[in-house]
Each structure stands twice: as C-alpha cells, then as structure tokens.
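Spelled out, the chains give:
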Amino acid sequence: MTPGHGYDSDLQGINDARKTAIINDELLRLQVDIAALQETRLLESGMLKERDYTFSWKGKSTEERREHGVGFAVRNSLLSMVEPGDKGSDRLLTLRLQTSNGPVTLVSAYAPTLTSTPEAKDEFYSNLSDVIRNIPDSEHLVLLGDFNARVGADHDSWPSCLGHFGVGKINENGQRLLELCSFHGLCVTNSYFQTKPQHRVSWRHPRSKHWHQLDLVIVRRTSLKTVLLTRSYHSADCDTDHSLVCSKLRLHPKKFHRTKTAGKPCIDTTKMQCPDKVEEFAKSLVDALSADKQRNSASEKWDHLREAIQKTALHTFGKKTSKNCDWFEAKSNVMMPVINAKRAALIEYKRSPNEKSLQALRAARGKVQQTARRCANEFWQQLSNDIQTAAATGNIKRMYEGIKCALGPT
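Fair warning: this is a prediction, and the values are worked out from it, not measured in the lab.

**Digging into the packing of helix α8 (residues 332–351) against helix α9 (residues 355–393)**
Consideration 1: Following both chains from N to C, one finds α8 and α9 inclined at 160 degrees, their axes separated by 9 Å at the closest point. If you check the angle between α8 and α9, you find them roughly antiparallel. In this structure, the crossing between α8 and α9 has a hand that is left-handed. For the pair α8 and α9, contact is made by Val 334, Met 335, Val 338, Ile 339, Ala 341, Lys 342, Ala 345, Leu 346, Glu 348 and Tyr 349 and by Ser 357, Leu 358, Ala 360, Leu 361, Ala 364, Arg 365, Lys 367, Val 368, Thr 371, Ala 372, Arg 374 and Cys 375, respectively.

Following this line, the structure appears as structure tokens:
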C-alpha cells in the first residue's frame, strides 16, 4: 500500500476544471493506492468517482467561507475494503482500511498555519487527540496531512518521535505536534529514512526560497517496522505549491470472499450491424452446436444452446465497453501533451527557480487552461449537435443516449 498526501490544490469548479481527473492520472502514474487531500476548499461532504480513484471530502457548510477542507482519494479496487469515518470536520477526516494484519485507521489532517490564533491551534490538537484516543492501541494508525509544522532534526531531544534524518529547525507548531506525538507514542516517519535532501522536503517558502517539510506521515512507534519508505515526489503536478509525500507500508488489503457469483459479460450488440460479423457468428454457432449432439433431456439441450450462443457471440462481437461520457477523457489526446509540458516546466522551476523558468511555468499553465476550455467547449457543442440531429431525424435511441451522456442515467 502506498498512502500519499500533500495535495492542497483548489478544487473549486470541480465539474469544469476536472482537476480530479488530473489528480487521478498523477496518482495512477506514481502508483499511489490511497491519498489524503488537504485544503480542498469544497463545501459540505461529497464523493466523486473517477476512472481509477474515488474522491471523498469534508468541508465547511454552505454559509461559511470556502477554506480548509480535507478528503481522500482511494483506488477503486480498494473500495470494498475501506469504511469511511462516521464523523469528520473541515480539518480532520478518518478512513478505515481492512488489512490482513487487522484494521488500519487513516486520518487526513490539515493543521492551522503558524499565524493562526492560539485558540484555533488548541481546538485542532484537542480534536486530533480525541481521534487518536478513540482508536484502540492494538490497531494501526496513520496520520497523513499538512501539519504546517517544522519538527526539526533534534533527535536527542525527541528520541521517541524523531529519527536521525530530520530537516531544519523546530518552530511553535512543531513543538505542539511533537508534544502530541510524545504523549500518544507516535513518530514522524519522514525523519527515519536517509533519502536525498530534496526528497525530505515538500514546500518552499515563497520569499526566502528555503525548503521545509510540512507534510508528514505519522504512525505509532510500535508500527514503525511496517513503514518501508517515506519521501517526497516533486514531479507530481496538481496546481499546488506542496509536493506529494508518499509512504510505502508493508500492509496487504484484506480480501473479502463474496457468495454472489460474477455475472456474465455483456455483448457488444452494436457490431451486429456489420454483415461480415453476423455471417461469422452464424457459421461459428453452427459449428458449436454440431460439435456435441449427445444431449438427452430438454434441459440439457437448452443449457447447451444457451452456452453456445453466449460464448460464440462473445467471441465474435466482443465484450461491451462503457462509452466515454467525459470531455476530459474524450479529449485526452489533446490534453495530455500540454499537461505533460506543464509538469516538465514545474520540475524545471523547482530545480532552478529563476525568472525564466517561472515565466515558462506560467505560460504552460495558461496553455493548459486555454486548451481545457477549448476541449470542453468542443465536446459539449458536438454532443449538443448530435442530440439535435438525432431528434430531427427521429432517432430516439441516439437522442436518449446523448441526453444520458450529458445528464447521466435517469
């Protein structure tokens, strides 16, 4: 399992910008199983399913200002093994994963910044302490989040919380976090691995240009042996000033055995309009029926006929695939080159921050926004024209398919 976090991209306009689709591709590229998201700035709570990942979030109410917000992105193949938390806030959200070693509770956390009021900090750490206290000591616990805290590298002062490979100096928020870790028997896994210096930091100060590690992965000290590696990935590009921090854990999701048998695949009936395919199906079906004639009862004959038709049709016409109803995926051949160019510009800017690389990054971002607007406009115009043409020609089936593509199934 590879839980990742550090995404605090502004997901406003989620249906237009399709930033979840971009994050989906980035997580898939880096082989992340579960990602904790911070500063999503989405209202209330919700869930959105992409091609490979399902996004869930918790934010402020509609009457409040759009800020903070936390969430998770879970690989679709793991959905049957996770349980969302019953409660959550715009700063703390839990997720429970069933593994072969027992349940694991993941917490997505977004801590107040250094300039926040002491009351806000006290409230956050009090709520976080309550969440930790409610999880049995025998269960695994993983805190993933943007803690806005520099814990430093003073292993001698905090031997139970920090390893030998910390970064920088401790600040006030770091002091609060380490006190909480010391009280609950937790340790910051980022400081336990001797990685390259650039892989130990996740955020660069906009004025001083100094790199810091604010995005942390924290586990119980008794679970530290399950952590194989924690490091940053600066190539992940999701329009955020934080880099992705991933932690690889020695955990295996628990497989649930279902009593329900898997259904038979659907046949692509659209290929039945091709005369060659129909002729091929007829010949194959005759050969399949004549291969075995030793059937006595009517039920055996019917079972044989049904299986022969199903297997022959599936082999001839193929399996039905879901139609592409999303403009981002429909225009992926146009979008992916500009997105890859923007990622390359971001990596160059992080490697060499100067005016030239900054202007190149801004130009690449502008190109992505322009291309996204153009692709979305072309997709919806083409879909509208198809619906109008189908209605004018009396093709009710095609018209309904277009409406379902635009609005979803009714």
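**Side note on the confidence of the model for the chain**
Consideration 1: Confidence in the prediction of the chain, expressed as mean pLDDT, is 86, and 90% of residues score 70 or more.
Consideration 2: Below pLDDT 50 for its whole length, residues 1–17 participates in 83 contacts with residues either more than four positions away or in separate chains.

**Topic: the side chain of Lys 60**
Consideration 1: Relative to the helices and strands, Lys 60 is located in the loop between β4 (53–58) and β5 (70–75).
Consideration 2: Polar contacts involving the side chain of Lys 60 include one to the side chain of Asp 90, which spans 3.3 Å.
Consideration 3: Once you skip the residues sitting within four places of it in the chain, Lys 60 turns out to touch Leu 42, Leu 43, Glu 44, Arg 65, Glu 67, His 68 and Asp 90.

**Brief notes about the nonpolar core**
Consideration 1: With 26 residues, the main nonpolar core has Leu 128, Leu 143, Phe 147, Leu 177, Leu 186 and Ile 218 as its most contacted residues.
Consideration 2: Here this core gets five residues from one element, more than from any other, and that element is helix α3 (residues 118–133).
Consideration 3: Filtering out sequence-adjacent residues up to four positions away, Leu 186 remains in contact with Ile 132, Leu 141, Leu 143, Ser 160, Cys 161, Leu 180, Cys 181, Ile 218, Val 219, Arg 220 and Arg 221.
Consideration 4: Counting 25 residues, the second largest nonpolar core, distinct from the first, contains Leu 97, Tyr 110, Cys 187 and Leu 251.

**Quick notes on the pattern of salt bridges**
Opposite charge on two side chains permits them to pair, given that their charged atoms come into close proximity.
Consideration 1: All told, the structure shown has 23 salt bridges when counted by the stated rule.
Consideration 2: Where Glu 348 meets Arg 351, a salt bridge forms, and the shortest distance between an N and an O atom there is 3.1 Å. Of the two residues, Glu 348 and Arg 351 both sit in helix α8, three residues apart, roughly one turn of that helix.

**Looking at a nonpolar patch on the surface**
Consideration 1: There is a patch of nonpolar side chains on the surface, built from Leu 289, Trp 302, Leu 305 and Ile 309 and spanning about 340 Å² of accessible area.
Consideration 2: Sorting elements by how many residues they give to the nonpolar patch places helix α6 (residues 298–317) first, with three residues.
Consideration 3: The residue Leu 305 is located in helix α6 in this model.

Definitions and cut-offs
- Residues numbered from 1 in each chain as written.
- Predicted model: local features only at pLDDT ≥ 70, side-chain atom pairs only at ≥ 80, totals over all residues.
- Heavy atoms only, no water.
- Axes fitted to C-alpha atoms, helices over the stretch in contact; angles between N-to-C directions.
- Helix = DSSP H or I, 4+ residues; strand = E, 2+ residues; numbered from the N terminus.
- Parallel < 35°, antiparallel > 145°, perpendicular 65-115°, else oblique.
- Left-handed = near helix turned anticlockwise from the far one by under 90°.
- Contact = heavy atoms within 4.5 Å.
- pLDDT = per-residue confidence, 0-100.
- Polar contact = N/O pair within 3.5 Å; in protein donor to acceptor, adjacent residues only side chain to side chain.
- Core = buried A, V, L, I, M, F, W, Y, C linked by side-chain atoms within 4.5 Å.
- Buried < 20%, exposed > 50% of the residue type's maximum accessible area, 1.4 Å probe, protein only.
- Salt bridge = Lys/Arg side-chain N within 4 Å of Asp/Glu carboxyl O.
- Patch = residues over 30% accessible without salt bridge, like charges linked within 9 Å, V, L, I, M, F, W, Y side chains within 5 Å.
- Areas by Shrake-Rupley, 256 points an atom, 1.4 Å probe, with all protein chains shown as cover.

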